[in-house]
Amino acid sequence: MHKHKNRKYRTAASLAVTVVLSAAIFLLFFSIELLIGYFSTHSFQESLRGSGYANGMEEELLAKQRELFSSYGLPESLTEEIWGGSKAYLAFSQYANDGIQKEDGGDFGQQAVLEEYIRGQDVYETENVQAAIEAVVSESKAICKRYVYPSFISGYRQFIQERRPLFFGMAVLSVIAGAFCVFLLFHWYHCRHHALYYITGSCFTAAVWNLAATAVVRTGGWFAVSGIKAVYYQQFIDAFKARGMTPWYLFSVVIAAAAVLLLVVSIRMRNRK
């Protein structure tokens, strides 16, 4: 009777440990999936490059710049003098890679080009002319800063910098908790296949949770940004979503395969008894 009671308590404790182990496995893979997927600056940068975001940004920036000059009665050709040699593309690429902006923000030589143009027209630089130049330069800088140094890039960098340590810590704690649970199960059962049954159950449960999380992440509107309707931005978002989901698919298969392998091993071990 006493032995039966002990077995009952051990089974209940084993089931509790199995739940904890499944949670540890899920949280471990969940952390890794985020860290190498959506929290990867490399994946983010590759999505920007691969989607053609920089080309679309440059085209729209030049169009806005021409519009601005035209509205002030200035020749649109001044845009080419400012942005010749794909300066906007190069400045954006550098910013996307290392987050470094020009010290003077959006000043890419607009003021110098405008002042040289005015001098070439033999226009006397009165206070009104100077004020007009300053107004054009100010608006031009605002346009350049908005397109060349978009806020979503710095926002993303700050977001992951704040959260990556949390998920690194979660991954480490999950490994420790999982290892302890496995140790307990093997310690309680001299017949190894009994312990493997519980571990297999944990893997199957973790696989189901991970598949559910994958579906939620894939269908959720996690990247909706208000006020941005550009086609090239949406193309970048689509590319980033696709890259970010790759680890989720991969690890879902890995967990499921591990569970099946453990089940086969435990059955073979039992049959040898």
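This structure is a prediction, so every number in the text was calculated from the model and none was measured.

Quick word on the overall build of the chain
Counting its regular elements, the chain contains ten helices and zero strands. Sequence-ordered secondary structure for the chain, helices as α and strands as β, is α-α-α-α-α-α-α-α-α-α. Across the 273 residues that make up the chain, the buried fraction comes to 39%. Considering only intrachain contacts with a sequence separation of at least 6, the fraction spanning at least 24 residues in the chain is 84%.

Structural notes on the pattern of salt bridges
As enumerated under the stated definition, the model contains three salt bridges in all. Close ionic contact of E46 with R49 constitutes a salt bridge, the shortest N to O distance being 2.6 Å. Taken together, the residues span about one helical turn, with E46 and R49 both in helix α2 (residues 41–50) at a distance of three residues. Taking relative accessible area as the criterion, E46 reaches 22% and is therefore assigned partly exposed. E162 is the salt-bridge partner of R163, the closest N and O atoms lying 3.2 Å from each other. Residue classification places R163 among the partly exposed positions, given a relative accessible area of 29%.

Section: the packing of helix α5 (residues 87–98) against helix α8 (residues 151–188)
Contact geometry for α5 and α8: axes closest at 10 Å, N-to-C directions at 10°. The angle between the axes of α5 and α8 places the two elements in the roughly parallel class. Between α5 and α8 lies a crossing of left-handed hand. Here α5 contributes F92, Y95, A96, N97 and D98 to the contact with α8, which in turn contributes I153, S154 and R157.

Thoughts on the side chain of Q65
Take Q65: it is sitting in helix α3 (residues 53–71). Those residues in contact with Q65 that sit more than four places away from it in its chain are T79, W83, S140 and C144.

Regarding a nonpolar patch on the surface
On the surface, a cluster of nonpolar side chains totalling about 360 Å² of accessible area is made up of F204, V260, L263, V264 and I267. Ranked by residue count, the leading element in the nonpolar patch is helix α10 (residues 231–272), at four residues. Mapped onto the elements, I267 comes out in helix α10.

Observations concerning the environment of Q45
For Q45, the location among the structural elements is in helix α2. Separated by 195 residues in sequence, Q45 and F240 place their C-alpha atoms 9.0 Å apart. If near-sequence neighbours (up to four positions away) are discounted, Q45 is found in contact with A96, N97 and R157.

Comments concerning the packing of aromatic side chains
Taken as a whole, this structure holds 23 aromatic pairs when the rule is applied. Here F44 and F240 contribute two aromatic rings whose centre-to-centre distance is 5.4 Å and whose plane-to-plane angle is 85°, an arrangement assigned as edge-to-face. Taken together, the residues span a long stretch of sequence, with F44 in helix α2 and F240 in helix α10 at a distance of 196 residues. Here the two residues F44 and F240 agree in accessibility, since each one is buried. Cluster of aromatic residues (ring-pair linked, three or more members): Y38, F44, Y53, F92, F152, Y156, Y232, Y233, F236 and F240.

Quick word on the confidence of the model for the chain
Overall, the prediction assigns the chain a mean pLDDT of 83, with 88% of residues at 70 or greater. Taken element by element, the chain is modelled with least confidence in helix α6 (residues 110–120), mean pLDDT 79, and with most confidence in α8, mean pLDDT 91.

Notes on the nonpolar core
If you look at the biggest cluster of nonpolar residues, it comprises 68 residues, and the most contacted ones within it are L48, Y53, L61, W83, F92, V148 and F236. A total of ten residues in this core trace back to one element, the largest contributor, which is α10. If sequence neighbours within four positions are ignored, F92 has contacts with L48, Y53, A54, M57, Y147, V148, P150 and I153.

So, α2
In an α-helix, one turn spans 3.6 residues; hence positions three or four apart end up facing the same way. Looking only at α2, the buried set comprises S43, F44, Q45, S47 and L48. Just past α2, the residue G52 takes up positive phi, approximately 75°.

Concerning the side chain of T214
Relative to the elements of secondary structure, T214 occurs in helix α9 (residues 192–219). Judged by relative accessible area, which is 6%, T214 ranks as buried. With residues near it in sequence (within four places) discarded, T214 still touches M245, W248, Y249 and S252.

Describing the environment of E76
Structurally, the position occupied by E76 is in the loop between α3 and α4 (78–83). Apart from the residues within four sequence positions on either side, E76 is in contact with R66 and S70.

Cut-offs applied
- One numbering rule holds for all chains: residues counted from 1, following each sequence as written.
- It should be noted that, the model being predicted, local features are given only for residues of pLDDT at least 70 and side-chain atom pairs only at 80 or more, the latter also being counted only at that level, while totals for whole chains, interfaces and linings use all residues.
- Calculated side-chain values reflect all of the structure's heavy atoms, with hydrogen atoms and water omitted.
- Comment: elements are numbered from the N terminus, with helices defined as DSSP H or I runs of at least four residues and strands as E runs of at least two.
- Classification of residues uses two cut-offs on accessible area relative to the type maximum, computed with a 1.4 Å probe and protein chains only: under 20% is buried, over 50% is exposed, and between them is partly exposed.
- Two residues qualify as a contact provided that any one of their heavy atoms is within 4.5 Å of a heavy atom in the partner residue.
- Any carboxyl oxygen of Asp or Glu that lies within 4 Å of a side-chain nitrogen of Lys or Arg is treated as forming a salt bridge with it.
- Interaxial angle, 0 to 180 degrees, is taken between N-to-C directions of lines fitted to C-alpha atoms, where a helix line uses only the stretch in contact.
- Angles below 35 degrees are treated as roughly parallel, those above 145 as roughly antiparallel, those between 65 and 115 as roughly perpendicular, and all remaining angles as oblique.
- By definition, any crossing whose near helix is turned counterclockwise from its far helix by less than a right angle is left-handed, and any crossing with a clockwise turn is right-handed.
- A residue counts toward a patch only above 30% relative accessible area and without a salt bridge, and it is joined to like-charged neighbours within 9 Å or, for Val, Leu, Ile, Met, Phe, Trp and Tyr, to nonpolar neighbours within 5 Å.
- Each accessible area is a Shrake-Rupley estimate made with a 1.4 Å probe; only the visible protein chains count as cover when residues are assessed.
- We call Phe, Tyr and Trp rings a pair once their centres come within 6.5 Å, taking the six-membered ring for Trp, and we label the pair stacked below 30 degrees between planes, edge-to-face above 60, and tilted otherwise.
- What pLDDT reports is the predictor's confidence in each residue, on a scale of 0 through 100.
- The nonpolar core is taken to be a set of buried Ala, Val, Leu, Ile, Met, Phe, Trp, Tyr and Cys residues, with the residues joined through side-chain atoms within 4.5 Å.

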